[in-house]
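# Architecture and fold: a report
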Amino acid sequence: MEDFNSLLLNEQVELIRAQCAKTPAERMQHCKEAESFGRLIENHAFPYRSVAKDGHRLFDAHSYEIC
């Protein structure tokens, strides 16, 4: 299993790259990369973005969406 902090860093780097992308295609590619890191974060053993019993997440990264 990948280091949790590395996953968070990689996701943030891809979001920044998406924000700075020069073309829509480049932006979409970085968004896809960020989403894949997001899925790994959600599935990680550390419950950072896990769904609570009442259905909400402790931290919802999508509330800050740029992609």
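The structure we're discussing is the one just above.
Residues numbered from 1 in each chain as written. Predicted model: local features only at pLDDT ≥ 70, side-chain atom pairs only at ≥ 80, totals over all residues. Heavy atoms only, no water.

## Structural notes on the pattern of salt bridges
- The full count for this structure, using the stated rule, is one salt bridge.
- One salt bridge connects Glu 14 with Arg 17, and the closest N-O pair in it is separated by 3.2 Å. Taken together, the positions of Glu 14 and Arg 17, both in helix 1 (residues 4-20) and three residues apart, correspond to about one turn of that helix.
- A relative accessible area of 9% places Glu 14 in the buried class.
- Since its relative accessible area comes to 44%, Arg 17 is described here as partly exposed. (Salt bridge = Lys/Arg side-chain N within 4 Å of Asp/Glu carboxyl O. Helix = DSSP H or I, 4+ residues; strand = E, 2+ residues; numbered from the N terminus. Buried < 20%, exposed > 50% of the residue type's maximum accessible area, 1.4 Å probe, protein only.)

## Overview of the environment of Leu 40
- Topologically, Leu 40 is positioned in helix 2 (residues 24-43).
- The contact partners of Leu 40, leaving out residues within four places of it in the chain, are Glu 2 and Leu 7. (Contact = heavy atoms within 4.5 Å.)

## Section: helix 2
- In this model helix 2 runs 29 Å from its N-terminal to its C-terminal C-alpha over 20 residues, within 8% of the 28 Å that 1.5 Å per residue would give.
- Restricting attention to buried positions, one finds in helix 2 the residues His 30, Cys 31, Ala 34, Phe 37, Gly 38 and Ile 41. In an axial view of helix 2, the angular spread of the buried residues amounts to 125 degrees, which keeps them on one side of the axis. In helix 2, the exposed positions that point more than 90 degrees away from the buried face belong to Ala 25 and Asn 43.
- If you follow the buried residues of helix 2, they end up packed against helix 1. (Expected span 1.5 Å × (residues − 1). Arc of directions from axis to C-beta.)

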